[in-house]
Amino acid sequence: MYTGLPHLPGTLRMPVSESSSVAWSVVVVIVKSVQAWSRPKFASKMKTNSRATASKMAMLKCDPFTIIEASAPGTNKPKLTRQFDEHEGFLKPLVTTEFVDWSAKTFIMPPQSSKDLPSPNSLFNSYSDRCSTSRLLAESEERRSVGTNKLDDQVFFHRNPGPPATLMFHPLHPLLTVADKNNVTIWDVDRNQQISHWRNNNPSGSCISSMAVMNPATPHTYVCTACDDGSVRVWRDCFTPQHQVGAQPPSLVTSFQATHDINPATRGTGLLMSWEQDSTTLAMGGDSRTVRLWDMQAERRTQEITTGGDSNSYITALHSHQAGPWVACGFSDGYVRLLDRRLPSNKAVVKQWREHTSWVISAHLLNASQNTTKIITGSISGEVRLWDIRQSNNVQVLNPNQEMTAMATHANAHLFAIGSVNQVIGVYHASGSSVNMIKYHEGFMGQRIAPVSCLAFHPRRVLLAAGTTDSYITVYGLARR
């Protein structure tokens, strides 16, 4: 059995018998008396030597709150001892550090936080508040309100230097990148101003067909452009406002020929890209029957996947995600194929469907970050189909009854939008219900929108960007009613 005596520092607690409890109590009383006798003696000794200690500390230029110097008895050699705090009752450490406090402040922040980025010319310094936790919660609340609000509030409207060919939002910030035939322009949607503009320097007769943003949460953010001649270019200093003092114009980092089997005589979509940030992998395909995977960090091609099919069929839609091995492709003959990159090239096609009767204009993996099994596709005839990779047929068919020229999908908000030559933009829920239709610009004398050439959703926020053939760019948000 154990006694009920308190445990004293520096002593061992051990089991004793009832007959020895009285003797043990006497030992405890003696120990307490020795401690009470030694404490004031030690404190008085510290007070006696305080004046001499302070003078020696001044001579040695030491920190009096961290260490003190005292002379050993009978010698002139200084001795290093710890300072005793009479109020707190413990010894102060010889060395202090702020590492624990710094770690607590640093690792409690979200991964997208960029408060302490060192680059003074980086755009992420001025937009650091947009990555705060409150902003992420607001974006989540915005996505949840899709079912009650319409996506028709015109938050940005501007004329682009040229007719837009493709659109792309920055993954974290409300920055819109617009590419026409040979130029790239970046717009700030919130501030309604142009950030940067540069020429892509692609050969005459070629056109920019797709874009990607690399390293979006770092100061070293790049914009990758792909053209319909198979060339790829990577640019830096793109998101630094050109009006900022000391700002450098966008410059070319590298360029390479991604593919040589594109047929320029075919009426296709050009070279398509899908960027995977975590694995630094760039999936490419378009106007051919081959999907190529590039490791951009190693600057080499890692895999080449043949999709099969007829010789007259070529890729017109492409999407992949780093969370899974799947690559979804749409083809000019209406085929939809699912590729598994883990398998050999000749066995990579694990699923294929042919229920579209015309050119597939978009193929997108829904909730790819959650390793979902759903794919949504759309064709120029106006059909939108939802697929489950575990089934041989589509699970849902949507017929908006209008010829389609562009399609965009918001995987997190379960929305998709289609644009047509009939000057109409339709926004739909993934379940098939219509959210709203957009036909006119805002204002008392709002004009009819021009035929839609491209559409893009923001990955996080519920923002829809639309480019029309009259060179105007419009961004729509949720209506606040």
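Residues numbered from 1 in each chain as written. Predicted model: local features only at pLDDT ≥ 70, side-chain atom pairs only at ≥ 80, totals over all residues. Heavy atoms only, no water.

- Per an unreviewed UniProt entry, the chain is named Regulatory-associated protein of mTOR, and its organism is Meganyctiphanes norvegica.

### Details of the overall build of the chain
Working step 1: Along its length, the chain carries five helices and 32 strands.
Working step 2: Counting only residues that meet the buried cut, the chain has 46% of its 481 residues in that class.
Working step 3: Partitioning the contacts of the chain with sequence separation of at least 6, the portion at a separation of at least 24 is 49%.
Working step 4: A total accessible area of about 25,200 Å² is found for the chain, and carbon and sulfur atoms account for 53% of it. (Helix = DSSP H or I, 4+ residues; strand = E, 2+ residues; numbered from the N terminus. Buried < 20%, exposed > 50% of the residue type's maximum accessible area, 1.4 Å probe, protein only. Contact = heavy atoms within 4.5 Å. Areas by Shrake-Rupley, 256 points an atom, 1.4 Å probe, with all protein chains shown as cover.)

### Concerning the pairing of strand β29 (residues 434–438)
Working step 1: Two strands pair when backbone bridges link them, and strand β28 (residues 425–429) and β29 are joined in this way by four bridges, in the antiparallel orientation. Considered in β29, the bridge of V427 is made with N436.
Working step 2: The hairpin turn running from β28 into β29, its antiparallel successor, is four residues long, and G432 in that turn takes a positive phi close to 110 degrees. (Pairing = 2+ DSSP bridges.)

### With respect to the UniProt feature "repeat: WD" (unreviewed entry) in the chain
Working step 1: In this numbering, the UniProt entry assigns the feature "repeat: WD" (unreviewed entry) to residues 273–304 and 366–397.
Working step 2: Secondary structure within residues 273–304 divides into 0% helix and 62% strand; the distance between the first and last C-alpha atoms comes to 14 Å. (UniProt positions renumbered as here; feature names shortened; annotations may be inferred.)

### Some remarks on a nonpolar patch on the surface
Working step 1: Residues F99, V100, W102 and F107 make up a contiguous nonpolar surface patch of roughly 520 Å² in combined accessible area.
Working step 2: By the secondary structure assignment, V100 is in helix α3 (residues 99–107). (Patch = residues over 30% accessible without salt bridge, like charges linked within 9 Å, V, L, I, M, F, W, Y side chains within 5 Å. Salt bridge = Lys/Arg side-chain N within 4 Å of Asp/Glu carboxyl O.)

### Details of the nonpolar core
Across soluble globular proteins, nonpolar side chains have a tendency to be buried as a group.
Working step 1: Counting 19 residues, the largest nonpolar core has L151, I425, L455, F457 and L464 as its most contacted members.
Working step 2: Mapped onto this core, the elements with two or more residues apiece are β26 (406–410), β27 (415–419), β28, β29, β30 (452–457) and β31 (464–468).
Working step 3: Per-element tally for this core: the top contributor is β30, with three residues.
Working step 4: When sequence neighbours within four positions are dropped, the list of residues in contact with I425 reads I418, N436, M437, I438, I449, V452, L455, L464, A466 and Y476.
Working step 5: Core analysis: the second largest hydrophobic core is formed by 16 residues, A212, C224, A258 and I262 among them. (Core = buried A, V, L, I, M, F, W, Y, C linked by side-chain atoms within 4.5 Å.)

### Side note on the pattern of salt bridges
Working step 1: One pass over the full model with this rule turns up nine salt bridges.
Working step 2: R341 serves as the salt-bridge partner of E276, at 2.7 Å between the closest nitrogen and oxygen. Taken together, the positions of E276 in strand β14 (residues 272–276) and R341 in the loop between β20 (336–340) and β21 (349–353) put the pair 65 residues apart, joining distant regions of the chain. With respect to burial, E276 and R341 carry one shared label: buried.
Working step 3: In this structure, D388 engages R390 in a salt bridge whose closest nitrogen and oxygen atoms are separated by 2.9 Å.
Working step 4: In the salt-bridge network here, residues are joined through shared partners; they are R292, R301 and E304.

### Quick word on the side chain of S196
Working step 1: Along the chain, S196 turns up in strand β9 (residues 193–199).
Working step 2: For S196, the side chain forms a polar contact with the main-chain oxygen of C238, separated by 2.5 Å. (Polar contact = N/O pair within 3.5 Å; in protein donor to acceptor, adjacent residues only side chain to side chain.)

### Examining the sheet that holds β14
Working step 1: Ordered in space as β14-β15-β16-β17, the four strands form an open sheet in which the pairing is antiparallel. Because the sheet does not close on itself, it has two edges, and the strands there are β14 and β17 (300–306). For this sheet the average axis-to-axis angle between neighbouring strands, irrespective of direction, equals 20 degrees.
Working step 2: Here five bridges tie β14 to strand β15 (residues 281–285), and the two strands are oriented antiparallel to one another. Opposite S274, over in β15, you have A283 as the bridge partner. (Axes fitted to C-alpha atoms, helices over the stretch in contact; angles between N-to-C directions.)

### Here's the deal with unusual backbone geometry
Working step 1: The phi dihedral of N215 falls on the positive side, at around 55 degrees, and the residue is not glycine.
Working step 2: Along the polypeptide, N215 turns up in the loop between β10 (208–214) and β11 (222–227).
Working step 3: The partly exposed category is assigned to N215, whose relative accessible area is 22%.
Working step 4: Backbone geometry at D237 places phi at a positive 60 degrees, although glycine is not the residue there.

### Brief notes about the packing of aromatic side chains
Working step 1: On inspection of all chains with the given rule, the structure shows six aromatic pairs.
Working step 2: Relative to Y472, the ring of F157 lies with its centre 4.9 Å away and its plane at 0 degrees, an arrangement referred to as stacked. Residue F157 is located in strand β5 (residues 153–159), and its partner Y472 is located in strand β32 (residues 472–477); the two are separated by 315 residues in the primary sequence.
Working step 3: We classify F157 as partly exposed; its relative accessible area is 34%.
Working step 4: The exposure class assigned to Y472 is partly exposed, which follows from its relative accessible area of 26%.
Working step 5: It is R342 that lies over the ring of W326; its NZ or CZ is 5.7 Å from the centre. (Phe/Tyr/Trp six-rings, centres within 6.5 Å; stacked < 30°, edge-to-face > 60°. Lys NZ or Arg CZ within 6 Å of the ring centre and 35° of its normal.)

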